[in-house]
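Each chain is listed here by its residues.
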Amino acid sequence: MARLKLGVLISGRGSNLQALIDAAADPSYPAEIAIVISDRPEAAGLERAARAGIAHRAIPHPSREAFAAAAAAALRQSGAELVALAGYMRILDGDFVAAWRDRLVNIHPSLLPAFPGLHPQRQALAAGVRFSGCTVHFVRAEVDNGPIIAQAVVPVHPDDDEEVLSARILTVEHRLYPMTVRLFAEGRLRVAGTIVAIAGATPPENAMLNPAERLVSAGG
Ligand code: GRF
């Protein structure tokens, strides 16, 4: 069966892109990366695409509209059927978002709707939450908003700083994004208003407590 063609938009490091490249290296994975687009020519993610032999382009960003027009043309040419934002650090043009409605996904390193915007890990630490994680969602006009597809949870440790918490979240991002793209590619997602239904998916059974119960009952 033909694999879903994926377009990936990046601005930098590209570790989530790499997770998608690695997943798609398995021929049985139902998606392949058709093109990687960066708004920054120096983005390390472009080299990851080059190394994997994937089409990649830096598209200048003189304005939101100009970038969107050039990106839309490149995506169309590549045959992309789904666009994944993977550390794309700018706000997308509203018409672009509307044109790709329900075919445009983003990963954000917090449990949305908590901590949208910049530095979500810093926001989580400042709020003193006991858990954080990441969210993959369909993109809507408002930043870091849109129907949630999947989330992954990690505990926050008392001595975490932004770097440590970010790294812990990143490890689950690299699992969650390829899984979500798989669900889309297999045609298992249905959006109804703000809710995404997933065909044939099982939620986990276990709750997590922080602090862990055994530590509390042992008296610390
Ligand atoms: C990730 O934390 C992602 O959730 C956020 O930006 C970061 C990008 O990292 N949107 P990378 O470029 O994928 O390594």
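Scoring rules and cut-offs
Residues numbered from 1 in each chain as written. Predicted model: local features only at pLDDT ≥ 70, side-chain atom pairs only at ≥ 80, totals over all residues. Heavy atoms only, no water. Helix = DSSP H or I, 4+ residues; strand = E, 2+ residues; numbered from the N terminus. Rg over C-alpha atoms; globule rule 2.2 N^0.38 Å. Buried < 20%, exposed > 50% of the residue type's maximum accessible area, 1.4 Å probe, protein only. Contact = heavy atoms within 4.5 Å. Areas by Shrake-Rupley, 256 points an atom, 1.4 Å probe, with all protein chains shown as cover. Lys, Arg positive; Asp, Glu negative; His and termini not counted. Charge placed at Lys NZ, Arg CZ, Asp CG, Glu CD. Phe/Tyr/Trp six-rings, centres within 6.5 Å; stacked < 30°, edge-to-face > 60°. Lys NZ or Arg CZ within 6 Å of the ring centre and 35° of its normal. Domains from an automatic or database assignment. Buried area = accessible area lost by both parts, 1.4 Å probe. Salt bridge = Lys/Arg side-chain N within 4 Å of Asp/Glu carboxyl O. Polar contact = N/O pair within 3.5 Å; in protein donor to acceptor, adjacent residues only side chain to side chain. Nonpolar A, V, L, I, M, F, W, Y, C, P; charged D, E, K, R; others polar. Near = heavy atom within 4 Å. Core = buried A, V, L, I, M, F, W, Y, C linked by side-chain atoms within 4.5 Å. Pairing = 2+ DSSP bridges. Right-handed = clockwise from strand over helix to strand, strands pointing away.

A.B. asks: Please set out the overall build of the protein residue by residue, giving values where relevant.
C.D. replies: Tallying secondary structure elements over the protein gives seven helices and nine strands in all. Taking 17 Å as the expected radius of gyration for a compact globule of 220 residues, we find that the protein reaches 18 Å, a close match to that expectation. With the C-alpha coordinates aligned to their principal axes, the bounding extent of the protein is approximately 60 × 40 × 35 Å. Within the span of the protein, comprising 220 residues, buried residues form 45% of the whole. Taking contacts inside the protein between residues at least 6 apart in sequence as the whole, the part at least 24 apart equals 63%. For the protein, the accessible surface area stands at approximately 11,500 Å², while carbon and sulfur atoms represent 55% of it. The centroid of the 21 positive side-chain charges in the protein is displaced by 4 Å from the centroid of its 22 negative side-chain charges.

A.B. asks: Account for the packing of aromatic side chains, with residues named and values stated.
C.D. replies: Tallying each qualifying case throughout the model produces three aromatic pairs. When the ring centre of tryptophan 100 is taken as reference, the NZ or CZ atom of arginine 103 above it lies at 4.3 Å.

A.B. asks: How would you explain the domain arrangement of the protein if you had to name every residue and give the values?
C.D. replies: When the domains of the protein are assigned, the result is domain 1 (1-100) and domain 2 (107-220). With 18 residues of domain 1 in contact, the opposing surface of domain 2 contributes 16 residues. Taking both sides of the interface into account, the surface hidden between domain 1 and domain 2 amounts to around 1,500 Å²; carbon and sulfur atoms contribute 73%. When the buried area of domain 1 at its contact with domain 2 is split by residue, Asn16, Tyr29 and Pro30 rank highest and sum to 30% of it. Taken together, the connections running from domain 1 to domain 2 amount to zero salt bridges. Linking domain 1 to domain 2 there are four residue pairs in polar contact (both at pLDDT 80 or more). Those elements giving two or more residues to the side of domain 1 that touches domain 2 turn out to be strand E1 (4-10), helix H1 (15-24) and strand E4 (82-85). When the residues that make up the side of domain 1 that touches domain 2 are grouped by side-chain class, the tally is 15 nonpolar, two polar and one charged.

A.B. asks: Account for the site of the ligand, with residues named and values stated.
C.D. replies: Taken together, Arg13, Gly14, Ser15, Asn16, Gly87, Ile107, Pro109, Leu170 and Glu173 are the residues near the ligand. Between the ligand and asparagine 16 there is a distance of 2.8 Å, counted from an oxygen atom to a backbone nitrogen or oxygen. A distance of 2.6 Å is found between an oxygen atom of the ligand and a side-chain nitrogen or oxygen belonging to glutamate 173. Coverage of the ligand by the protein amounts to 87% of the 360 Å² it exposes when considered alone. Going through the elements one at a time, H1 and helix H6 (162-185) are the ones with two or more residues in the shell around the ligand. Residues of the shell around the ligand, tallied by class, amount to three nonpolar, four polar and two charged.

A.B. asks: Before we move on, can you summarise the nonpolar core with the specific residues and values?
C.D. replies: When a protein is soluble and globular, its nonpolar side chains tend to lie buried together. In terms of nonpolar packing, the biggest core is built from 43 residues, with Val8, Ile33, Val36 and Tyr177 touching the most fellow members. Ranked by residues supplied to this core, first place goes to H6 with nine residues. Filtering out sequence-adjacent residues up to four positions away, isoleucine 33 remains in contact with Leu6, Val8, Leu17, Leu20, Ile21 and Ile54. Core analysis: the next-biggest nonpolar cluster, separate from the first, contains 19 residues, Ile37, Leu85, Tyr88 and Val139 among them.

A.B. asks: Could you give an account of the pairing of strand E5 (residues 104-108), naming the residues involved and the relevant values?
C.D. replies: Of all five residues making up E5, five are buried, and the element is well covered by its neighbours. Judged by which residues are buried, E5 turns out to be covered on both faces: Leu104, Asn106 and His108 on one side and Val105 and Ile107 on the other are all buried. Where E4 and E5 come together, three bridges link them in parallel fashion. Within E5, the position partnered with leucine 85 by the bridge is asparagine 106. For the crossover from E4 across helix H4 (residues 94-99) to E5, the handedness is right-handed. Sheet analysis places E5 next to strand E6 (residues 131-138), joined by four bridges and oriented antiparallel. Counterpart to isoleucine 107 in the pairing with E6 is valine 136.

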